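# Chain and residue survey
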Amino acid sequence: MPTVTYTQPDGTTKNIEVKVGQSIKDGAVNNLIPGILAECGGACACATCHIYIDDQWFGKVGPAEDIEKDMLDFAEDVKDNSRLSCQVDMSEDLNGLIVHVPENQ
């Protein structure tokens, strides 16, 4: 099963197996990753699952679509590599993905 490394603002990391087709948000919520609140449950209706895709992975993950970009307007400290983790689905191609949890949601 592919893995995702969730990196906290203090630099600590946790490697989690995430099933193919499952969102990065689900992997975080199911494994109690701090800082990913996901208050809307993955409906792309809030920005509480905001993450930063590690620069080396952003090309594979790709940019947000328009609806996600609109929701990112409500997130704090948005960067070029910001995504909502509910909108990034795991695939074998993303095995080893590194994401960074923002300081605040």
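None of these values were measured; they are calculated from a predicted model.

What counts and how
- Residues numbered from 1 in each chain as written.
- Predicted model: local features only at pLDDT ≥ 70, side-chain atom pairs only at ≥ 80, totals over all residues.
- Heavy atoms only, no water.
- Pairing = 2+ DSSP bridges.
- Helix = DSSP H or I, 4+ residues; strand = E, 2+ residues; numbered from the N terminus.
- Axes fitted to C-alpha atoms, helices over the stretch in contact; angles between N-to-C directions.
- Buried < 20%, exposed > 50% of the residue type's maximum accessible area, 1.4 Å probe, protein only.

### With respect to the sheet that holds strand S3 (residues 50-53)
Pairing between the strands of a sheet is mediated by backbone hydrogen bonds and can be parallel or antiparallel. Spatial strand order, S2-S1-S5-S3-S4: five strands in an open sheet with mixed pairing. Both outer strands of the open sheet, strand S2 (13-17) and strand S4 (82-84), are each paired with one neighbouring strand and no more. Between one strand and the next, the sheet's axes are offset by a mean angle of 35°, whatever the strand orientation. Of the pairings in the sheet, the one linking S3 to S4 comprises three bridges and is antiparallel in character. Considered in S4, the bridge of Tyr-52 is made with Ser-82.

### Structural notes on the environment of Lys-79
Mapping Lys-79 onto the fold places it in the loop between helix H3 (66-72) and S4. Residue class for Lys-79 comes out partly exposed when judged on its relative accessible area of 48%.

### Overview of the pairing of strand S5 (residues 97-100)
On S5, burial follows the alternation: Leu-97 and Val-99 on one face are buried, whereas Ile-98 and His-100 on the facing-out side are not. Here strand S1 (residues 3-7) runs beside S5; their pairing, made up of four bridges, is parallel. Within the sheet, the bridge partner assigned to Thr-7 lies in S5 and is His-100. Taken together, the two bridges between S3 and S5 define a ladder with antiparallel strand orientation. Directly across from Tyr-52, in S5, lies its bridge partner His-100.

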